[in-house]
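# Structural characterization, general
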Amino acid sequence: MFYEIRTYRLKNGAIPAYLKVVEEEGIAIQKKHLGELVAYFFSEIGPINEIVHIWAYRSLDDRERCRAALMEDPDWRAFLPKIRDLIEVAENKIMKAARFSPTGGSAS
């Protein structure tokens, strides 16, 4: 499995508004297209105003297909402006689970 870890630093105080709109609209659109949602976090201690969400994919090709389908969805394109101005910095990592990982790593 491959894990996409998306980290967003939001504008100061924007976490409640961001989580509200994602919960009410965005997450359903994402779940329709993306891989398995592993986790969705917001910071309490440490770097503030941070959102981290993790998605699992069978392969990098699977991720590419899923992300392309999401970007083509008119509902997603209409949703994006609702969060775009709340995000200051976005970071994206792709991680692969170790064989012994509880998340289901595979032999390489």
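Residues numbered from 1 in each chain as written. Predicted model: local features only at pLDDT ≥ 70, side-chain atom pairs only at ≥ 80, totals over all residues. Heavy atoms only, no water.

In the nomenclature of an unreviewed UniProt entry, the chain is known as NIPSNAP superfamily of Sinorhizobium americanum. We quote the UniProt Sequence similarities (unreviewed entry) comment for the chain here in full: "Belongs to the NipSnap family." (UniProt positions renumbered as here; feature names shortened; annotations may be inferred.)

Our next topic: the nonpolar core. Leu-10, Tyr-18, Phe-79 and Ile-83 are the most contacted members of the largest nonpolar core, which totals 20 residues. When contributions to this core are tallied by element, the ones reaching two or more residues are strand S1 (2-10), helix H1 (15-33), strand S3 (50-57), helix H2 (60-72) and helix H3 (74-84). Considering each element in turn, this core owes the most residues, 6 residues, to H1. Setting aside anything within four residues of it in sequence, one finds Tyr-18 in contact with Tyr-8, Leu-10, Tyr-40, Ile-51, His-53, Ile-83, Leu-86 and Ile-87. In this structure, Ile-5, Ala-39, Ala-56 and Ala-97 belong to the second largest nonpolar core, which totals 7 residues. (Core = buried A, V, L, I, M, F, W, Y, C linked by side-chain atoms within 4.5 Å. Buried < 20%, exposed > 50% of the residue type's maximum accessible area, 1.4 Å probe, protein only. Helix = DSSP H or I, 4+ residues; strand = E, 2+ residues; numbered from the N terminus. Contact = heavy atoms within 4.5 Å.)

The next point concerns the side chain of His-33. Here His-33 shows up in helix H1. A distance of 2.6 Å separates polar atoms of two side chains, one belonging to His-33 and the other to Asp-73. Discounting chain neighbours no more than four positions away, the residues touching His-33 are Cys-66, Ala-69, Leu-70 and Asp-73. (Polar contact = N/O pair within 3.5 Å; in protein donor to acceptor, adjacent residues only side chain to side chain.)

Let us look at the packing of H1 against H2. Interaxial distance between H1 and H2 falls to 8 Å at its minimum, and their mutual angle equals 135°. As far as their axial angle goes, H2 and H1 are oblique. At the point where H1 passes H2, the crossing takes the right-handed sense. Contact residues: H1 offers Ile-29, Gln-30 and His-33, while H2 offers Cys-66, Ala-69 and Leu-70. Considered class by class, the residues forming the contact of H1 with H2 number 4 nonpolar, 2 polar and no charged. (Axes fitted to C-alpha atoms, helices over the stretch in contact; angles between N-to-C directions. Parallel < 35°, antiparallel > 145°, perpendicular 65-115°, else oblique. Left-handed = near helix turned anticlockwise from the far one by under 90°. Nonpolar A, V, L, I, M, F, W, Y, C, P; charged D, E, K, R; others polar.)

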